[in-house]
Amino acid sequence: MVRIVIADDQRLMREGLQTILQLEDDMDVVCTAENGREAYEAAGIYRPHIVLMDIKMPVMDGIEAMKLIKREYPKTIVLILTTFAEDKYIVAAMAGGADGFLLKDIAAERVVLTVREAMEGELLLPPVIAAKLASRLTATDTYDFDETKLHKMGLFFTERERKIILLLIEGYSNKQIAVTLFMSEGTVRNYVSVIYGKIGTNDRRAAVGIMKELLQSEYR
(Lines give C-alpha, C1' and ligand atoms only; values in the text may rest on other atoms or scores of the structure.)
Protein backbone atom coordinates (compact mmCIF):
# COMPACT_ATOMS: atom_id res chain seq x y z
CA MET A 1 0.00 0.00 0.00
CA VAL A 2 1.44 3.35 -1.08
CA ARG A 3 1.08 5.88 1.74
CA ILE A 4 0.51 9.42 0.51
CA VAL A 5 0.40 12.86 2.14
CA ILE A 6 -1.18 15.75 0.22
CA ALA A 7 -0.19 19.31 1.13
CA ASP A 8 -2.05 22.23 -0.45
CA ASP A 9 -3.66 25.32 1.03
CA GLN A 10 -6.65 24.99 -1.30
CA ARG A 11 -9.22 22.62 0.15
CA LEU A 12 -10.69 21.79 -3.25
CA MET A 13 -7.29 20.69 -4.57
CA ARG A 14 -6.55 18.59 -1.48
CA GLU A 15 -9.88 16.83 -1.53
CA GLY A 16 -9.87 16.39 -5.29
CA LEU A 17 -6.49 14.66 -5.26
CA GLN A 18 -7.49 12.61 -2.25
CA THR A 19 -10.62 11.37 -4.02
CA ILE A 20 -8.68 10.44 -7.15
CA LEU A 21 -5.97 8.53 -5.29
CA GLN A 22 -8.23 6.81 -2.77
CA LEU A 23 -10.01 5.09 -5.67
CA GLU A 24 -6.88 3.04 -6.25
CA ASP A 25 -6.74 -0.22 -4.32
CA ASP A 26 -3.03 0.11 -3.60
CA MET A 27 -2.98 3.77 -2.54
CA ASP A 28 -3.89 5.34 0.79
CA VAL A 29 -3.96 9.08 1.51
CA VAL A 30 -2.92 8.94 5.16
CA CYS A 31 -3.05 12.70 5.78
CA THR A 32 -3.80 16.03 4.15
CA ALA A 33 -2.09 19.28 5.16
CA GLU A 34 -2.87 22.96 4.68
CA ASN A 35 0.69 24.24 4.89
CA GLY A 36 4.30 23.16 4.76
CA ARG A 37 4.68 22.86 8.52
CA GLU A 38 1.78 20.40 8.72
CA ALA A 39 3.24 18.45 5.79
CA TYR A 40 6.62 18.17 7.50
CA GLU A 41 5.00 17.03 10.74
CA ALA A 42 2.83 14.51 8.85
CA ALA A 43 5.94 13.06 7.21
CA GLY A 44 7.35 12.30 10.65
CA ILE A 45 4.13 10.79 11.98
CA TYR A 46 2.93 8.75 8.99
CA ARG A 47 6.21 8.10 7.15
CA PRO A 48 4.55 8.30 3.73
CA HIS A 49 6.10 6.92 0.59
CA ILE A 50 5.09 10.05 -1.32
CA VAL A 51 4.26 13.66 -0.45
CA LEU A 52 2.41 15.78 -3.00
CA MET A 53 3.57 19.28 -2.05
CA ASP A 54 2.18 22.62 -3.17
CA ILE A 55 4.76 25.41 -3.50
CA LYS A 56 3.03 28.53 -2.22
CA MET A 57 1.44 27.91 1.18
CA PRO A 58 1.13 29.87 4.44
CA VAL A 59 3.18 29.26 7.62
CA MET A 60 5.86 27.37 5.66
CA ASP A 61 6.09 27.12 1.90
CA GLY A 62 6.47 23.85 0.04
CA ILE A 63 10.12 24.31 -0.84
CA GLU A 64 11.20 24.71 2.79
CA ALA A 65 8.99 21.83 3.91
CA MET A 66 10.44 19.62 1.20
CA LYS A 67 14.01 20.44 2.27
CA LEU A 68 13.21 19.44 5.87
CA ILE A 69 11.56 16.22 4.76
CA LYS A 70 14.41 15.33 2.43
CA ARG A 71 16.95 16.03 5.17
CA GLU A 72 15.27 13.91 7.84
CA TYR A 73 13.43 11.32 5.70
CA PRO A 74 15.54 11.09 2.52
CA LYS A 75 13.70 8.07 1.14
CA THR A 76 10.42 9.99 1.05
CA ILE A 77 9.45 10.94 -2.50
CA VAL A 78 8.34 14.56 -2.85
CA LEU A 79 6.43 15.66 -5.94
CA ILE A 80 5.86 19.39 -6.30
CA LEU A 81 2.30 20.44 -7.13
CA THR A 82 2.34 23.55 -9.25
CA THR A 83 0.53 25.73 -11.74
CA PHE A 84 3.69 27.77 -12.13
CA ALA A 85 6.36 27.47 -14.79
CA GLU A 86 8.56 30.15 -13.23
CA ASP A 87 12.30 29.59 -13.19
CA LYS A 88 12.83 30.52 -9.55
CA TYR A 89 10.39 27.88 -8.29
CA ILE A 90 11.69 25.19 -10.64
CA VAL A 91 15.32 25.76 -9.74
CA ALA A 92 14.63 26.04 -6.01
CA ALA A 93 12.57 22.85 -6.02
CA MET A 94 15.11 20.85 -8.01
CA ALA A 95 18.02 22.10 -5.90
CA GLY A 96 16.04 21.25 -2.75
CA GLY A 97 15.74 17.63 -3.83
CA ALA A 98 12.34 17.41 -5.54
CA ASP A 99 11.66 14.06 -7.17
CA GLY A 100 9.49 15.67 -9.81
CA PHE A 101 6.62 17.98 -10.59
CA LEU A 102 2.90 17.40 -10.91
CA LEU A 103 1.00 20.08 -12.82
CA LYS A 104 -2.35 20.81 -11.20
CA ASP A 105 -4.28 20.87 -14.46
CA ILE A 106 -3.42 17.34 -15.63
CA ALA A 107 -6.07 14.65 -16.08
CA ALA A 108 -7.04 12.43 -13.15
CA GLU A 109 -5.61 9.28 -14.72
CA ARG A 110 -2.31 11.05 -15.22
CA VAL A 111 -2.15 11.87 -11.51
CA VAL A 112 -2.30 8.17 -10.67
CA LEU A 113 0.23 7.29 -13.37
CA THR A 114 2.62 9.98 -12.10
CA VAL A 115 2.48 8.57 -8.58
CA ARG A 116 3.20 5.09 -9.90
CA GLU A 117 6.13 6.34 -11.98
CA ALA A 118 7.52 8.15 -8.94
CA MET A 119 7.35 4.93 -6.92
CA GLU A 120 9.42 3.25 -9.63
CA GLY A 121 12.18 5.79 -9.07
CA GLU A 122 11.59 8.03 -12.08
CA LEU A 123 12.31 11.75 -11.86
CA LEU A 124 9.22 13.44 -13.26
CA LEU A 125 9.70 16.59 -15.30
CA PRO A 126 6.71 17.73 -17.41
CA PRO A 127 7.67 19.14 -20.84
CA VAL A 128 6.75 22.73 -19.93
CA ILE A 129 9.13 22.65 -16.96
CA ALA A 130 11.88 20.84 -18.85
CA ALA A 131 11.62 23.54 -21.53
CA LYS A 132 11.99 26.26 -18.91
CA LEU A 133 15.13 24.67 -17.50
CA ALA A 134 16.61 24.17 -20.95
CA SER A 135 15.83 27.77 -21.88
CA ARG A 136 17.44 29.06 -18.69
CA LEU A 137 20.64 27.12 -19.32
CA THR A 138 20.82 28.16 -22.97
CA ALA A 139 20.42 31.80 -22.01
CA THR A 140 23.15 31.89 -19.36
CA ASP A 141 25.80 29.24 -19.85
CA THR A 142 27.86 31.23 -22.35
CA TYR A 143 28.25 34.23 -20.08
CA ASP A 144 28.42 32.88 -16.53
CA PHE A 145 32.05 31.80 -16.55
CA ASP A 146 35.03 34.04 -15.88
CA GLU A 147 37.01 33.30 -19.03
CA THR A 148 40.11 35.13 -17.78
CA LYS A 149 40.23 32.98 -14.65
CA LEU A 150 39.67 29.80 -16.66
CA HIS A 151 42.53 30.73 -18.97
CA LYS A 152 44.90 31.48 -16.08
CA MET A 153 44.10 28.13 -14.47
CA GLY A 154 44.54 26.30 -17.77
CA LEU A 155 40.96 25.03 -17.67
CA PHE A 156 38.75 24.35 -20.64
CA PHE A 157 35.17 23.08 -20.38
CA THR A 158 32.97 22.00 -23.24
CA GLU A 159 29.47 23.44 -23.62
CA ARG A 160 27.96 20.29 -22.09
CA GLU A 161 30.39 20.37 -19.17
CA ARG A 162 29.49 24.00 -18.52
CA LYS A 163 25.80 23.14 -18.36
CA ILE A 164 26.52 20.33 -15.91
CA ILE A 165 28.71 22.60 -13.79
CA LEU A 166 25.92 25.18 -13.53
CA LEU A 167 23.50 22.48 -12.39
CA LEU A 168 26.00 21.07 -9.89
CA ILE A 169 26.35 24.55 -8.42
CA GLU A 170 22.55 24.80 -8.18
CA GLY A 171 22.60 21.61 -6.10
CA TYR A 172 21.19 19.17 -8.63
CA SER A 173 21.82 15.45 -8.17
CA ASN A 174 23.17 13.33 -11.02
CA LYS A 175 19.68 11.99 -11.67
CA GLN A 176 18.22 15.50 -11.83
CA ILE A 177 20.97 16.61 -14.21
CA ALA A 178 20.29 13.58 -16.40
CA VAL A 179 16.59 14.38 -16.73
CA THR A 180 17.18 18.12 -17.24
CA LEU A 181 19.73 17.58 -20.01
CA PHE A 182 18.06 14.48 -21.50
CA MET A 183 21.03 12.23 -20.75
CA SER A 184 21.47 8.90 -19.03
CA GLU A 185 22.56 8.99 -15.41
CA GLY A 186 25.65 6.97 -16.30
CA THR A 187 26.68 9.55 -18.89
CA VAL A 188 26.25 12.31 -16.32
CA ARG A 189 28.47 10.42 -13.87
CA ASN A 190 31.14 10.19 -16.55
CA TYR A 191 30.95 13.93 -17.25
CA VAL A 192 31.10 14.73 -13.54
CA SER A 193 34.21 12.54 -13.16
CA VAL A 194 35.87 14.38 -16.05
CA ILE A 195 34.99 17.76 -14.49
CA TYR A 196 36.36 16.65 -11.12
CA GLY A 197 39.55 15.51 -12.82
CA LYS A 198 40.02 18.87 -14.48
CA ILE A 199 39.64 20.84 -11.26
CA GLY A 200 41.58 18.34 -9.15
CA THR A 201 39.15 16.98 -6.55
CA ASN A 202 36.74 14.07 -6.09
CA ASP A 203 34.83 15.68 -3.22
CA ARG A 204 31.51 17.08 -4.40
CA ARG A 205 31.29 19.87 -1.84
CA ALA A 206 34.85 20.98 -2.51
CA ALA A 207 34.23 20.74 -6.24
CA VAL A 208 31.16 22.97 -6.02
CA GLY A 209 33.15 25.55 -4.06
CA ILE A 210 35.88 25.59 -6.71
CA MET A 211 33.34 25.74 -9.54
CA LYS A 212 31.60 28.72 -7.98
CA GLU A 213 34.89 30.59 -8.05
CA LEU A 214 35.06 30.01 -11.81
CA LEU A 215 31.91 32.06 -12.36
CA GLN A 216 31.79 35.78 -12.89
CA SER A 217 31.20 37.54 -9.57
CA GLU A 218 27.60 38.53 -10.38
CA TYR A 219 26.64 34.88 -10.87
CA ARG A 220 28.14 33.44 -7.68
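Note that this is a predicted model, so its numbers are computed, not measured.

Criteria and cut-off values
- Residues numbered from 1 in each chain as written.
- Predicted model: local features only at pLDDT ≥ 70, side-chain atom pairs only at ≥ 80, totals over all residues.
- Heavy atoms only, no water.
- Helix = DSSP H or I, 4+ residues; strand = E, 2+ residues; numbered from the N terminus.
- Rg over C-alpha atoms; globule rule 2.2 N^0.38 Å.
- Buried < 20%, exposed > 50% of the residue type's maximum accessible area, 1.4 Å probe, protein only.
- Contact = heavy atoms within 4.5 Å.
- Areas by Shrake-Rupley, 256 points an atom, 1.4 Å probe, with all protein chains shown as cover.
- Lys, Arg positive; Asp, Glu negative; His and termini not counted.
- Charge placed at Lys NZ, Arg CZ, Asp CG, Glu CD.
- Core = buried A, V, L, I, M, F, W, Y, C linked by side-chain atoms within 4.5 Å.
- Pairing = 2+ DSSP bridges.
- Axes fitted to C-alpha atoms, helices over the stretch in contact; angles between N-to-C directions.
- Right-handed = clockwise from strand over helix to strand, strands pointing away.
- UniProt positions renumbered as here; feature names shortened; annotations may be inferred.
- Polar contact = N/O pair within 3.5 Å; in protein donor to acceptor, adjacent residues only side chain to side chain.

Right, let's get into the overall build of the chain. In terms of helices and strands, the chain carries eleven helices and five strands. Against the 2.2 N^0.38 benchmark of 17 Å for 220 residues, the chain shows a C-alpha radius of gyration of 19 Å, consistent with a compact globule. Dimensions of the chain, computed from C-alpha atoms along their principal axes, come out at roughly 60 × 30 × 30 Å. Within the chain, buried positions represent 47% of all 220 residues. Expressed as a percentage of contacts within the chain between residues at least 6 apart in sequence, the contacts between residues at least 24 apart total 64%. Of the roughly 11000 Å² of accessible surface on the chain, 51% is carried by carbon and sulfur atoms. Placing the 28 positive and 33 negative side-chain charges of the chain at their respective mean positions leaves the two points 6 Å apart.

Trans peptide bonds make up the majority, and among non-glycine residues the majority have a negative phi. One non-glycine residue, Arg47, adopts positive backbone phi at about 45°. Its location among the elements puts Arg47 in the loop between helix H2 (36-46) and strand E3 (50-54). The partly exposed category is assigned to Arg47, whose relative accessible area is 48%. Residue Val59 is not a glycine yet carries a positive backbone phi of 70°. Along the polypeptide, Val59 turns up in the loop between E3 and helix H3 (62-72). Residue Val59 is classed as exposed on the basis of its relative accessible area of 71%.

Now for the nonpolar core. Counting 59 residues, the largest nonpolar core has Met53, Ile80 and Met211 as the members making the most contacts within it. Among the elements that take part in this core, helix H8 (residues 159-170) stands out by supplying six residues, more than any other. Not counting residues within four places of it along the chain, the set of residues in contact with Met53 comprises Ala7, Ala39, Gly62, Ala65, Met66, Ile69, Val78, Leu79, Ile80 and Leu81. With 19 residues, the next largest nonpolar core counts Leu21, Met27, Leu52 and Leu102 among its residues.

Strand order in the open sheet formed by five strands is E2-E1-E3-E4-E5, with parallel pairing between adjacent strands. Only two strands of the sheet have a single partner each, and these edge strands are strand E2 (27-33) and strand E5 (100-103). The mean angle between the axes of side-by-side strands here comes to 25°, regardless of whether they run parallel or antiparallel. Where strand E1 (residues 2-7) lies against E3, four bridges are found, and the strand directions are parallel. Paired with Ile6 across the strands is Leu52, a residue of E3. H2 rests against E1, E2 and E3 of the sheet, and its axis sits at about 140° to E2.

Turning next to the pairing of E1. Of all the six residues making up E1, five are buried; the element is thus mostly covered by neighbouring parts of the structure. Bridging between E1 and E2 involves six bridges; their strand directions are parallel. Its bridge partner being in E2, Val2 is matched across the sheet by Met27. For the crossover that starts at E1, traverses helix H1 (residues 11-22) and ends in the parallel E2, the hand is right-handed.

Within this structure's numbering, the places UniProt gives as "modified residue: 4-aspartylphosphate" (unreviewed entry) are Asp54. In this structure, Asp54 sits in strand E3.

Moving on to the environment of Ala131. Tracing the sequence through the fold places Ala131 in helix H6 (residues 127-140). Accessibility expressed as a relative area gives 46% for Ala131, which makes it partly exposed. Sequence separation between Ala131 and Thr180 is 49 residues; the distance between their C-alpha atoms is 8.9 Å.

In this fold, Asp99 is placed in the loop between helix H4 (87-95) and E5. Note: C-alpha distance between Asp99 and Leu181 (82 residues apart in sequence) is 16 Å. The contact partners of Asp99, leaving out residues within four places of it in the chain, are Lys70, Thr76, Ile77, Val78, Leu79, Glu122, Leu123 and Leu124. At a separation of 2.6 Å, a polar atom in the side chain of Asp99 contacts the side chain of Lys70. At 2.8 Å, the side chain of Asp99 forms a polar contact with the backbone nitrogen of Val78.

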